[in-house]
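Below are the chains, spelled out letter by letter.
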Amino acid sequence: MTADAAWIDVTERRSGRFFFGDSETAAAITAANWAKSPLGLPQTWPKRLRVALEICLNSAFPIAILWGGEFCLLYNDACHGLLADKHPRALGLPAREVWPEIWDVIGPMLQDALVGGRPTRSEDLQLYTMRNGRRDEGYFTFSYSPIRDDDGTIGGVFCPVVVTTDRVIGERRLRTLRDLAALSRAENEGEACRVAASVLAANGYDVPFSAIYRFDEDRGEAELTAATGVLPGGRVAPRRIKLGDPDPDNGDLWGLDEVARLTPGRVAIRTLDARFGEPPCGPWTTPPDEAVLFPIVLLGQDRAAAALIAAVSPFKRLDAAYAYFLDRVAAKIASAMTDARAYAAERERAEEIRVRELALRRAEAELCEAQRLGRIGSWRWSGRLDDRGGASPYLARIFGLDPAAPPPSFAEQKGLLYAPADWERLDAATRETLRTGESFELDLPAHRADGAAIHVTIRGEAVRDERDAIVGLRSTIQDITERKQAQERVELLLREVTHRAKNLLTVVRAVARQTARKDSPVAFAQRFDQRIAALGASHDLLVQNEWRGVELHALTRSQLAHFRDLFGSRIHIEGPTTIVKPGASQAIGMALHELATNAGKYGALSNDEGVAHIAFGVTSESGESHFEMSWRESGGPPVAAPKRHGFGHMVILQMAKHALGGRVTLDYASSGVVWSVSAPLDNVIEPAQGED
Amino acid sequence: MSDNEPIRILVVEDEPAIAADLCFVVEEVGYAIGGTASSVDEALKLIEDEHIDGAILDANLHGVCSASVADALRARKLPFFVLSGYLQRQLPEPLSGAPFLAKPYDEEELTSRILALAK
C-alpha cells in the first residue's frame, strides 16, 4: 500500500492538484469548482475518500460514492447512462438534490448505512427517476456499503449499482406476449379480443389502458369490443365511434378512420390532449400522454378488421423495444382473431354439415315411413348373383326377414323368397335391364320367410355411373298381396255374377220355351209371368243371403205368397230352421210353385176347405242323415192323375230329383196329392259355417 | 247300336231348369236321355255304367270344373259339346278345345248341336 500512497503524492506534486486519472468524470472532478460544495476542495478530502474515489473512477462497473452527512455524490464514467441528464451537474451535489424524486426511498436506506454502519443490498428495486426531463420507470440492483473516514467513523457510502430496467421490463413484456400466445382458441372474433384484453389488463405498466375497436364497414362505424384500464362508454373509449366524425365531443377523436386504412406494420400515434379529458392512469401516478394505434389486419384480408389503441406508459419513452412489444401485442390479437374466425367458419361448416345430416336423416326417416305406408321396399344391387346389395328397412318387413341382418343375395332369394320358376323370370328381367338399360316391371308371387304367400310388384331400372355405364340395378318391391287378393275376389265375383246371370237367362228361356209348348198365348203370358216371378222370389232370397243359401220357411212362404191368407189356417208349414243350398233352393222353390199352382187349380186349395201340409226336417237312418220334405194335400176335390204331363210335372218330379239327387215321388192319391222328397243331407243343406 | 235304337244322350248340368229344358229338346229331336247328372262324380259313374252315345256337358257343376268328365268322354271317344256361361277361353284346356255352346243358348243352335252329336 505504500507504493499507492507514494503514487498519490507524486500526482499531487506534479499538478499542484489532485489527479484522479484520465476518465471523463475525473476531468470533470478536476475542473469542478468545489468551493461551494459541502465536500470542500479535493485537497481537503479525507485520504480514505480519495482512495475509495480512486477505486471508483478506475472501475468499469457503475459505482457511486455518497460522502458526508449530506451524501454528496461522486461517481465514475459507467454511471453516466444511469444519471442521464443529471451528469455532470450532479457531481458533488447532495444526493437529496440529485434525486429529490426518489429521496423518500433511498434517503432512509443511505441514512441506515451511514449511521448504523450496516450495508444494504437491493435487487431490482423499482425507482422512478427523472431522466431527460421526465420520470422514468427504472430497476436497480445495488448495495450501500459504509466507508470509514480517516478518523475511523463512517464517512460515506460506497455504492456499486447495476441498472436492471431492460431485463425486468423485457421479462414483463415477454410474459404478456407469452400469455397472449398461450390463449386457447376463442369461439369468435369478439371473444378473441376480450380474452386478449384480459391478458393486457395484467400489464398496466406497459399498457396503462387499451381499447379494441372492430370496424363495421357497412355502417362506417367502429364498435368497442374490449377495453382495459378504461371504463367502456366514456370519453376515451366510447362504445361506438362514427368513423371520421369531426364532432369535438362525440366524434372520431382517435382518428380511427385513418387507422382503418393503415396497412399492416404502419401505426398512428395520438397525443392524449385536452379533448380526451382526463385519461385513466393505470398503475401510474399520472395519465399517459400518448397512445399508439395499430390496425388489426386478419390473415388473408387486406383491410383492417379492428384497431388496437394502446396507451403508452407515462414513465417510459416509446423506444424501439417498447414499439416492438406493442407491435407484437397487435400481431397476437390479429392472429387470435384470425384463428377465431377460422374456428367460427369451421364450426359453421360443421353446423351446416350437422343440419344437412339432420335433414338427410329426417328425409331418410320420411322415406322409411313413406315406404311403410306404400308397402314398398327398395333394393340396390350390383347385378352379381352373390351380391346382397343394400335394402331399405321395409324390404325386410315385406319378406318377414330379420331387419338387422343383411338381405339375402340374389342367388339366395331363389327358393327362399321366390319359387324357382318365378325367380327365373325375375332373373331374366334383371339381366335384360342390366344389358339394355330398359326398365322392367313384374308382378310376382313370392314368399315371406315364414312361408306365407304374398304378391309383389317389382320395378327395376339400371343404375349408371357418371360415364353412363350400367353399374347395377335399383328396384322397388311393393307388397300388393291385399290388393291382389281383393282384385282376385272382385274378378271371381264378376265371373261368378256373369256366369249366374247367363245361367238365369238360360233358365228363363227354358221356362219360356217349356211354358209355350203347352199353353195358349193368353195362358202362356200368365203362367210364364208366375213362373218367372217365383224364380225371382227365390233368387231374391238367395241374394239377400249373399248367395249362401235360403231358409226353407222363407222360401216356402215366398213361393206360396199367392195364398198367404191361408197360412196357418189351410196351409201349414212345419220344420226346423233349415238353410238349403242355392241350387237346391231353386229346385225346391220351383217345385213348390208348381205344386201350389196345381193345388190352386185342381187340388186342395181350389175349394174352400182343402188343406196343404208342408213338412221338412232331417232324419237319420243307419248312420246316414237325410233331408226329408213332403207336400201333402187333403180335403180337396177327388184327385185324378193327369193324362199328359207338362213342364210343371217335370219340374216337380224330374227337376227336383235331378237337383236334390235323392228319391222324389208324386202320388196322385184320390184324397189328395202327396209329394215327398228324401235326399242325402249334403245335397240340400249348407254345412254349418265355422266360427270364422 | 241298331238303327231303331234311339241315340242316348247324357245330360250333365247342375241347373235343374236347364237340365229339364235340355232333356226336353233331346227327346224332341228323337234322341233318348241316357241319364242326367248334376255333379262330376254322378257323371263319371253314368259314363262308366250306362250305355250312352254322346253328352251335353256343363263346364261348371256346383262350382266344380267338369274337365275330368270331358277327359272321360274323350277316352271313350264319345262326342260331346260344352255348355257354359263362361267365355270359352276362360275354361281349362280339356273344355276349351271341345265344341262349345254359350249360355244363354238359342233353341235352334242347341238343336243343331244335339243333332251333331250323332255324326
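What counts and how
Residues numbered from 1 in each chain as written. Chains lettered and ligands numbered in written order. Predicted model: local features only at pLDDT ≥ 70, side-chain atom pairs only at ≥ 80, totals over all residues. Heavy atoms only, no water. Helix = DSSP H or I, 4+ residues; strand = E, 2+ residues; numbered from the N terminus. Buried < 20%, exposed > 50% of the residue type's maximum accessible area, 1.4 Å probe, protein only. Contact = heavy atoms within 4.5 Å. Areas by Shrake-Rupley, 256 points an atom, 1.4 Å probe, with all protein chains shown as cover. Arc of directions from axis to C-beta. Pairing = 2+ DSSP bridges. Axes fitted to C-alpha atoms, helices over the stretch in contact; angles between N-to-C directions. Core = buried A, V, L, I, M, F, W, Y, C linked by side-chain atoms within 4.5 Å. Buried area = accessible area lost by both parts, 1.4 Å probe. Salt bridge = Lys/Arg side-chain N within 4 Å of Asp/Glu carboxyl O. Nonpolar A, V, L, I, M, F, W, Y, C, P; charged D, E, K, R; others polar. Lys, Arg positive; Asp, Glu negative; His and termini not counted. 1 Å grid on protein atoms, 1.4 Å probe; cavity = no way out; pocket = protein on both sides within 12 Å on 5 of 7 lines; lining within 4 Å. Points joined across faces, edges and corners; volume = space filled by probe spheres on them. pLDDT = per-residue confidence, 0-100. Phe/Tyr/Trp six-rings, centres within 6.5 Å; stacked < 30°, edge-to-face > 60°.

Peer 1: In this structure, what is going on with the overall build of chain B? I would like to understand it.
Peer 2: For chain B, the count of helices and strands is 5 helices and 7 strands. By residue count, 53% of the 119 residues in chain B fall in the buried class. The contacts of chain B with a sequence gap of at least 6 include a subset with a gap of at least 24, amounting to 63%. A total accessible area of about 5300 Å² is found for chain B, and carbon and sulfur atoms account for 49% of it.

Peer 1: Explanation requested: unusual backbone geometry in the structure shown.
Peer 2: With the exception of glycine, most residues fall at negative phi, and the peptide bonds are largely trans. Between H87(A) and P88(A) the backbone carries a cis peptide bond, its omega angle lying at 0°. With respect to the secondary-structure elements, P88(A) resides in the loop between helix 4 (80-83) and helix 5 (95-98). The peptide bond linking K103(B) to P104(B) adopts the cis configuration, its omega dihedral lying at -10°. In this structure, D124(A) takes a positive phi of about 50° despite not being glycine. Within the fold, D124(A) resides in strand 3 (residues 120-131). Overall, the relative accessible area of 26% leaves D124(A) in the partly exposed class. In this structure, N132(A) takes a positive phi of about 50° despite not being glycine.

Peer 1: What is the right way to look at helix 2 (residues 40-49) of chain B in this model?
Peer 2: Each α-helix turn comprises 3.6 residues. Residues three or four places apart therefore point the same way. Residues and elements named next belong to chain B. Among the residues making up helix 2, those that are buried are V40, A43, L46 and I47. Down the axis of helix 2, the sector holding all buried residues measures 130°, keeping them to one side. Exposed residues on helix 2 whose side chains face more than 90 degrees from its buried face are D41, K45 and E48. Its buried side turned inward, helix 2 meets strand 1 (8-12), strand 2 (32-37), strand 4 (60-61), strand 5 (64-65) and helix 3 (67-75).

Peer 1: What is the right way to read the sheet that holds strand 16 (residues 470-479) of chain A from this model?
Peer 2: Hydrogen bonding along the main chain pairs the strands of a sheet, whether they run parallel or antiparallel. Residues and elements named next belong to chain A. Read across the open sheet, the 5 strands follow the order 13-12-16-15-14; overall the sheet is antiparallel. Of all the strands in the sheet, the pair left with one neighbour each is strand 13 (390-391) and strand 14 (440-447). Of the strand pairs in this sheet, strand 12 (residues 376-381) and strand 16 are connected by 6 bridges, and their pairing is antiparallel. Within strand 16, the position partnered with R380 by the bridge is R474. On the sheet, helix 13 (residues 420-436) packs against strand 12, strand 14, strand 15 (453-464) and strand 16 and is oriented at approximately 155° with respect to strand 14.

Peer 1: Help me out: how do you make sense of the nonpolar core in this one?
Peer 2: Soluble, globular proteins show a tendency: their nonpolar side chains are buried together. Residues and elements named next belong to chain A. In this structure, W45, I65, L66, L73, W99 and Y144 are the most contacted members of the largest nonpolar core, which totals 47 residues. Per element, the largest residue contribution to this core is 6 residues, and it comes from helix 6 (residues 103-116). When neighbours within four sequence positions are excluded, L73 is seen to be in contact with A64, I65, L66, L83, A90, L91, G92, L93, V98 and W99.

Peer 1: Any chance you could explain the interface of chain A and chain B here in plain terms?
Peer 2: The extent of an interface is frequently quoted as the accessible surface area lost upon association of the parts. Every contact between the two is made by 21 residues of chain A and, on the other side, 25 residues of chain B. Taken together, the two surfaces of chain A and chain B that pack against each other cover about 2200 Å², and 58% of this comes from carbon and sulfur. Per-residue buried area on chain A facing chain B is highest for H499(A), R513(A) and H658(A); these three make up 28% of the total on that side. On the surface where chain A and chain B come into contact, there are 1 salt bridge. For R509(A), the salt bridge is made with D106(B), and the minimal N-O distance between the two is 3.6 Å. Every element with two or more residues in the side of chain A that touches chain B is listed here: helix 14 (481-518), helix 17 (582-601) and helix 18 (647-660) of chain A. If one sorts the elements of the side of chain A that touches chain B by residue count, helix 14 of chain A sits on top with 13 residues. A breakdown of the residues in the side of chain A that touches chain B according to their chemical character gives 8 nonpolar, 7 polar and 6 charged.

Peer 1: Even after reading the chapter, I still don't get the side chain of E15(B), so can you show me in this structure?
Peer 2: Along the chain, the position of E15(B) falls in the loop between strand 1 and helix 1 (16-28). Look at E15(B): it is buried, it has no salt bridge, and the nearest opposite charge is K103(B) at 6.4 Å. If sequence neighbours within four positions are ignored, E15(B) has contacts with N503(A), V507(A) and Q586(A).

Peer 1: Whenever I open this one, the sheet that holds strand 6 (residues 80-84) of chain B confuses me. Can you help?
Peer 2: Residues and elements named next belong to chain B. Ordered in space as 2-1-3-6-7, the 5 strands form an open sheet in which the pairing is parallel. At either end of the open sheet lies a strand with only one pairing partner, and these are strand 2 and strand 7 (100-102). Across the sheet, the mean angle separating the axes of adjacent strands is 20° when strand polarity is ignored. Strand direction decides the pairing type here: strand 3 (residues 54-58) and strand 6, joined by 4 bridges, are parallel.

Peer 1: Please clarify how the pattern of salt bridges should be interpreted in this entry.
Peer 2: Close approach of charged atoms allows side chains of opposite charge to pair. Applying the stated criterion across every chain, the model contains 41 salt bridges over all chains. The partner of E351(A) in a salt bridge is R354(A), and the shortest N-O contact between them spans 3.1 Å. Of the two residues, E351(A) and R354(A) both sit in helix 10 (residues 320-374), 3 residues apart, roughly one turn of that helix. Using a relative accessible area of 37% as the deciding quantity, one classes E351(A) as partly exposed. We note a salt bridge from K45(B) to D49(B), for which the minimum N-O separation is 3.1 Å. Taken as a pair, K45(B) and D49(B) lie in helix 2 at a separation of 4 residues, close to a single helical turn. For K45(B), a relative accessible area of 54% puts it in the exposed group.

Peer 1: Help me out: how do you make sense of the layout of surface pockets in this one?
Peer 2: Taking a probe equal in size to a water molecule and rolling it over the atoms shows the remaining empty space. Its volume calculated, the largest pocket comes out at about 720 Å³. Lining the largest pocket are 34 residues, and of these P582(A), G583(A), D14(B), H62(B) and G63(B) sit closest to its centre. Mapped onto the lining of the largest pocket, the elements with two or more residues apiece are helix 14, helix 15 (521-544), helix 17, helix 18 and helix 19 (681-684) of chain A. With 6 residues, the single largest contributor to the lining of the largest pocket is helix 14 of chain A.

Peer 1: What exactly am I supposed to notice about the confidence of the model for chain B here?
Peer 2: Predicted coordinates in regions of low pLDDT should not be interpreted in detail. Residue-level pLDDT values for chain B average 87, and 96% of them are 70 or greater. Least confident of the elements in chain B is helix 1 of chain B, whose mean pLDDT is 83; most confident is strand 3 of chain B, at 94.

Peer 1: Could you clarify how one ought to interpret empty space enclosed by the protein in this entry?
Peer 2: All names here are of chain A. For the coordinates displayed, the defined rule picks out 5 cavities of 30 Å³ or more. By volume, the largest cavity amounts to about 230 Å³. Around the largest cavity, the lining is made up of 16 residues, and of these L82, W99, F140, Y144 and V161 lie nearest the centre. Breaking the lining of the largest cavity down by element, the ones donating at least two residues are strand 1 (63-67), helix 4, strand 3, strand 4 (134-148) and strand 5 (154-163). The element contributing the most residues to the lining of the largest cavity is strand 4, with 3 residues. Broken down by class, the residue content of the lining of the largest cavity amounts to 15 nonpolar, 1 polar and no charged. Elements supplying a minimum of two residues to the lining of the second largest cavity: helix 11 (393-399), helix 12 (410-413), helix 13 and strand 16. No other element matches the 3 residues that strand 16 contributes to the lining of the second largest cavity.

Peer 1: Just checking my understanding: could you explain the packing of aromatic side chains for this structure?
Peer 2: How two aromatic rings sit relative to each other is given by the distance of their centres and the angle of their planes. Residues and elements named next belong to chain A. Scanning the entire structure with this criterion turns up 15 aromatic pairs over all chains. Between W381 and F410 the ring centres are 4.6 Å apart and the planes differ by 45°, which places this aromatic pair in the tilted class. Here W381 is found in strand 12, whereas its partner F410 is found in helix 12, with 29 residues between them in sequence. For W381, a relative accessible area of 4% gives the class buried.

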